[in-house]
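Residue-level listing of the chains:
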Amino acid sequence: MTNHDRFLSRAAERMQQSAIRKMGAVVASGRDIISFAPGYPAPDTFPWDAFSEIAAELFASRDPGVLQYGPTRGYRPLLDVIASIQHSRGMDTAIEELLVTTGSQQGLDLVARVLIDPGDVILVELPTYVGAITAFRNVQAAMIGVPQEEDGIDLAALDATLQRLRGEGRRVKFVYVVPNFQNPTGLLIGLQKRERLLEWAQRRDMLLVEDDPYRELYFEDSADEAAVRPIKAADRSGRVVYLSSFSKTLAPGYRVAWIAAPPPLAAKLEMAKQAEDLLTGSLDQRIVYEACRRGILERQLPLLRRHYADKRDVMERALTRDLGDAVSWPKPKGGFFLWLTLPAGIDADRMLPRAIEEGVVYVAGEAFYVDTLRQGQGKNTMRLSFSAPTHDRIEAGVSRLARAVRGELAALATKVAAATPGAP
């Protein structure tokens, strides 16, 4: 048989399967597995009837544009709607700054291809989003993690890291951040810190890539529109490339997202996109446009905030009930995720077989760490997604997880006892 490995590019040799997709294979095995792994929206929140009505009208119209290739930049009426959404978030965005993408993941891939050369350094939050790690790794970037504080990225550590790297002669291209309900930690960058981060980027001549898919999913008890104002809203010098999406608010199956970038970068992003998919999918964009034009999106948002806040509460109560003080987490103020810290000594990745045996899966924290993995950071952490499972499944899943944790603690105690001199 041909050895195909020798034909691979250096970038392909470094590619790794997503830890989240691996858990999908476990769930598809046919067993009763409760999955806290993927950040999927809850399907019972999708406006099925409204989508059916829109699709029926579009097909009945026989408008050739509905099923024809669409412009690379995107369907113009949708771009106008996106510009309006940008304005509502505090950003005045010209059409030439906008580009519709096939999900935010394509946006990250385009940013990587346009801005990164092999060996360039990208600074990321520690931990950070696995999709960004994949996109940046695929173009052979070197990622350096910066610790987070309770209100987001540690600015003193960020500056010290940048200065050290520049002193070593390394080229740092940009800082990647998820300010609103970060994936995976759920953390929210504070208002003052957002201002200071942008000021830092201007002073140090850096770009910021702001990934903002969860902005609309703030929970009324702990955040509001002022708290989730994008960093880009204060950008007056073209320092911020902004990404957002309709996946978490309307439906992920449409794969409709967008990038807002300074016009010179937006033009290059469009050229890169032409090489990926040449033209955009018209049908998905038309449906999303109609959902926005008819007020469906606006009506959805309060319902989604209540829905996911209730699920967060269910998960937090279940964790407190079943694991008590053995675990800890920062309270999610929005979004889909809870970042759980396990007792010291437990390795969340090694515990996965035990958890699967109990009938529950999650994403081990190691997957979200970059350069410090060799130091053992993140081993006793995990990301739990509360967005998709029902209340009953969340409670049952936490109970199964608690059994796995208790089993792991018992195994650790046995191991320690066996290694202790004079132990019976």
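Cut-offs used in this document
- Residues numbered from 1 in each chain as written.
- Predicted model: local features only at pLDDT ≥ 70, side-chain atom pairs only at ≥ 80, totals over all residues.
- Heavy atoms only, no water.
- Buried < 20%, exposed > 50% of the residue type's maximum accessible area, 1.4 Å probe, protein only.
- Helix = DSSP H or I, 4+ residues; strand = E, 2+ residues; numbered from the N terminus.
- Pairing = 2+ DSSP bridges.
- Contact = heavy atoms within 4.5 Å.
- Axes fitted to C-alpha atoms, helices over the stretch in contact; angles between N-to-C directions.
- Phe/Tyr/Trp six-rings, centres within 6.5 Å; stacked < 30°, edge-to-face > 60°.
- Core = buried A, V, L, I, M, F, W, Y, C linked by side-chain atoms within 4.5 Å.
- Right-handed = clockwise from strand over helix to strand, strands pointing away.

1. With respect to the pairing of strand E4 (residues 121-126)
Okay, step 1: The buried fraction of E4 is high, at 6 of 6 residues.
Okay, step 2: The sheet contact formed by E4 and strand E5 (residues 142-149) spans 6 bridges and is parallel. Counted as the bridge partner of Ile122 is Met143 from E5.
Okay, step 3: Two strands pair when backbone bridges link them, and E4 and strand E7 (residues 172-177) are joined in this way by 4 bridges, in the parallel orientation. The residue of E7 that forms the bridge with Val124 is Tyr176.

2. Description of the sheet that holds strand E10 (residues 256-260)
Okay, step 1: Taken together, the 8 strands give an open sheet; going across it, the order is E3-E10-E9-E8-E7-E4-E5-E6, and neighbouring strands pair in mixed fashion. Two strands lie at the open edges of the sheet, namely strand E3 (98-102) and strand E6 (152-153), each paired on one side alone.
Okay, step 2: Two strands pair when backbone bridges link them, and strand E9 (residues 240-245) and E10 are joined in this way by 4 bridges, in the antiparallel orientation. Across the sheet, Ser244 pairs through a bridge with Trp258, a residue of E10.
Okay, step 3: Against the sheet, helix H10 (residues 263-276) makes contact with E3, strand E8 (207-211), E9 and E10, and its axis sits at roughly 30° relative to E3, the strand it touches most.

3. Here we look at the packing of aromatic side chains
Okay, step 1: Counted according to the given criterion, the structure contains 11 aromatic pairs.
Okay, step 2: Summarising the aromatic geometry, the rings of Phe51 and Tyr254 are spaced 5.1 Å apart at their centres and angled 80° between planes, so their arrangement reads as edge-to-face. With a gap of 203 residues between them, Phe51 in helix H3 (residues 48-61) and Tyr254 in the loop between E9 and E10 connect regions that are remote in the sequence. By the burial criterion, Phe51 is buried, and Tyr254 matches it.
Okay, step 3: Residues Tyr214 and Phe336 carry aromatic rings whose centres are separated by 5.5 Å and whose planes lie at 70° to one another, so their mutual orientation is edge-to-face. You can see Tyr214 sitting in the loop between E8 and E9 and its partner Phe336 sitting in the loop between helix H12 (296-323) and strand E12 (337-341), a full 122 residues away along the chain.
Okay, step 4: Overall, Tyr214 belongs to the buried group, its relative accessible area being 4%.
Okay, step 5: Joined through ring pairs, the aromatic side chains of Tyr214, Tyr308, Phe336 and Phe337 make up one cluster.

4. Describing the nonpolar core
Okay, step 1: Within the largest apolar cluster, 76 residues are counted, with the highest numbers of intra-cluster contacts made by Phe246, Tyr362 and Leu384.
Okay, step 2: Per-element tally for this core: the top contributor is H12, with 11 residues.
Okay, step 3: Ile33, Ala112, Ala261 and Leu269 belong to the second-largest nonpolar core, a separate cluster that totals 38 residues.

5. So, the pairing of E7
Okay, step 1: Counting buried positions over the 6 residues of E7 gives 5, a clear majority of the element.
Okay, step 2: Here E7 pairs with E8 via 4 bridges, running parallel. Among the inter-strand pairings, Val177 is bridged to a residue of E8, identified as Glu210.
Okay, step 3: After leaving E7, the chain enters helix H9 (residues 191-203) and then returns to the sheet as E8, a path that is right-handed.

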